[in-house]
Amino acid sequence: MPPAHGQVRIGVAAAIFAFVTWGLLPVYWKAIAVVPPAEILAHRVLWTMLFAAAVLGVTRRFGEVAAALRSPRALATFIGAGLLLGANWFTFITAVNTGRVFQCSLGYYINPLVNVALGCLFLKECFRPWQLAAIALAAAGVAYLTACGGEFPSIALVLALTFAFYSLVRKTACYEALPGLFLETAVLLAPALAYLAWVGAAPWAAPERAPVQVPALLAGTGVVTALPLLTFAFGARRIRLTTVGFIQYLTPTGMFLLGVLAYKEEFARHHRIAIVVIWIAL
């Protein structure tokens, strides 16, 4: 088997793991919904950075971090990626914990289409006629779902745009996944610690009246954040951005199933029609 083809298969497997995990993340955020979204975000930044630092230390890869800090291009890249990541995380946590899983799923149905557009505009990726037809059909399903949603999908659009541009930045980044995650969360660390200090929440503490498991779940946000992000970044560097875009439909589909089966959210006729159209496209 040619090495390049083997790398593509590994990249696809890594991307599938990442997007399936992200599709199940609403379960985790619901479990700590007693904590305000901004505080969850601050904990997520802190514990993710600590997890990445621990892995870097064990694997002796802090030299890669130092090298990235000496590169102006890498510096601009991880600052931009960190800000996009923070905006995406806060929007997603807030939406899930205020009962808007539908908006989240819609955002991640739109996101692959934005990935396709960015791949065409910035990376000069080309498509065959059947691929263009599939993209058009998926876009029609998303447009129908948006039109029938009953409200302007602001949360969905923020999620779609922030993660699409994050995907583009990571695709073109000159640093690997693990040092990148450390640097991106480092960008957000000072605001996160300042917020925790302002609200009087120690990194290991939970709000009053919170269940006893909440502190452990807050610390666990580092693991549940880092693993899919690392596998996503690993996979995105080895496969086409358009391929990433189509695999990414696993995430909103998982959210839809959670919303319907676990959280009993509305699943009307227009939802069913849109899902069928999108899966035909895939």
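Described below are features of the structure shown in this document. (Residues numbered from 1 in each chain as written. Predicted model: local features only at pLDDT ≥ 70, side-chain atom pairs only at ≥ 80, totals over all residues. Heavy atoms only, no water.)

**Looking at the overall build of the protein chain**
And then number 1: Across its full length, the protein chain carries 12 helices and zero strands.
And then number 2: Going from N to C terminus, the protein chain has its helices and strands arranged as α-α-α-α-α-α-α-α-α-α-α-α.
And then number 3: Taken over C-alpha atoms, the radius of gyration comes to 19 Å for the protein chain, in line with the 19 Å a tight globule of 282 residues would show.
And then number 4: Viewed in the frame of its principal axes, the protein chain has a C-alpha envelope of about 50 × 50 × 30 Å.
And then number 5: Pairs at least 24 apart in sequence give 89% of the contacts found in the protein chain among residues at least 6 apart.
And then number 6: Split by element, the accessible area of the protein chain, about 12,800 Å² in all, is 72% carbon and sulfur. (Helix = DSSP H or I, 4+ residues; strand = E, 2+ residues; numbered from the N terminus. Rg over C-alpha atoms; globule rule 2.2 N^0.38 Å. Contact = heavy atoms within 4.5 Å. Areas by Shrake-Rupley, 256 points an atom, 1.4 Å probe, with all protein chains shown as cover.)

**Considering the side chain of Thr 77**
And then number 1: When you line up the elements, Thr 77 lands in helix 4 (residues 72-97).
And then number 2: Here the side chain of Thr 77 touches Arg 73 through a polar contact of 2.8 Å, landing on its backbone oxygen.
And then number 3: When near neighbours in sequence (up to four residues on either side) are disregarded, Thr 77 contacts Val 169, Ala 173 and Tyr 175. (Polar contact = N/O pair within 3.5 Å; in protein donor to acceptor, adjacent residues only side chain to side chain.)

**Structural notes on the pattern of salt bridges**
And then number 1: What the rule picks out here adds up to two salt bridges.
And then number 2: Note that Arg 61 and Glu 64 form a salt bridge whose closest N and O atoms lie 2.7 Å from each other.
And then number 3: Linking Glu 184 and Arg 170 is a salt bridge whose minimum nitrogen-to-oxygen distance equals 3.1 Å. Of this pair, Glu 184 sits in helix 8 (residues 177-199) while Arg 170 is found in helix 7 (residues 154-171), placing the two residues 14 residues apart along the sequence. Taken individually, Glu 184 and Arg 170 each receive the classification buried, so the pair is uniform in this respect. (Salt bridge = Lys/Arg side-chain N within 4 Å of Asp/Glu carboxyl O. Buried < 20%, exposed > 50% of the residue type's maximum accessible area, 1.4 Å probe, protein only.)

**Some remarks on the packing of aromatic side chains**
Two descriptors summarise a pair of aromatic rings, namely the distance from one centre to the other and the angle between the planes of the rings.
And then number 1: All chains considered together, the criterion is met by 15 aromatic pairs.
And then number 2: With a centroid separation of 5.4 Å and an interplanar angle of 55 degrees, the aromatic rings of Phe 19 and Trp 22 are classed as tilted. Placement of both Phe 19 and Trp 22 in helix 1 (residues 3-31) is noted, with a separation of three residues, approximately one turn of the helix. Each member of the pair, Phe 19 together with Trp 22, is buried.
And then number 3: Plain terms: the ring middles of Trp 22 and Phe 163 are 5.3 Å apart, the flat faces sit at 80 degrees to each other, and that makes the pair edge-to-face. With Trp 22 in helix 1 and Phe 163 in helix 7, the pair connects residues that are 141 residues apart, well separated along the chain. Across this residue pair, the class does not change: Trp 22 and Phe 163 are buried.
And then number 4: Taken together, the ring pairs in this structure connect Phe 19, Trp 22, Phe 92, Tyr 108, Phe 163, Tyr 166 and Phe 232 into an aromatic cluster. (Phe/Tyr/Trp six-rings, centres within 6.5 Å; stacked < 30°, edge-to-face > 60°.)

**Notes on the nonpolar core**
And then number 1: Counting 59 residues, the largest nonpolar core has Phe 19, Trp 22, Trp 29, Phe 92 and Phe 232 as the members making the most contacts within it.
And then number 2: With near-sequence residues (within four places) excluded, Trp 29 lies in contact with Ile 40, Arg 44, Phe 92, Ile 93, Val 96, Asn 97 and Thr 221.
And then number 3: Ranked by size, the runner-up nonpolar core spans 23 residues in total, among them Leu 118, Ile 135, Val 142 and Ala 160. (Core = buried A, V, L, I, M, F, W, Y, C linked by side-chain atoms within 4.5 Å.)

**Considering the environment of Leu 178**
And then number 1: Inspection of the secondary structure assignment puts Leu 178 in helix 8.
And then number 2: Under the relative-accessibility criterion, Leu 178 is labelled buried at 7%.

**Description of empty space enclosed by the protein**
And then number 1: Inspection of every chain in the model, using the stated rule, returns three cavities of 30 Å³ or more.
And then number 2: Approximately 140 Å³ is the volume found for the largest cavity.
And then number 3: Taken together, 14 residues line the largest cavity, and the ones lying closest to its centre are Trp 22, Leu 25, Asn 88, Tyr 108 and Phe 163.
And then number 4: Counting only elements with at least two residues in the lining of the largest cavity, the list comes to helix 1, helix 4 and helix 11 (250-262).
And then number 5: It is helix 4 that contributes the most residues to the lining of the largest cavity, four residues altogether.
And then number 6: Residues that form the lining of the largest cavity fall into these classes: 10 nonpolar, three polar and one charged.
And then number 7: The calculated volume of the second largest cavity comes to roughly 50 Å³.
And then number 8: Looking at the second largest cavity, the residues that line it are Val 101, Phe 102, Ser 105, Met 255, Phe 256, Gly 259, Val 260, Glu 265 and Glu 266.
And then number 9: The biggest single contributor to the lining of the second largest cavity is helix 11, with four residues.
And then number 10: Taken together, the residues of the lining of the second largest cavity sort by class into five nonpolar, two polar and two charged. (1 Å grid on protein atoms, 1.4 Å probe; cavity = no way out; pocket = protein on both sides within 12 Å on 5 of 7 lines; lining within 4 Å. Points joined across faces, edges and corners; volume = space filled by probe spheres on them. Nonpolar A, V, L, I, M, F, W, Y, C, P; charged D, E, K, R; others polar.)

Nothing here speaks to function; it is all geometry.
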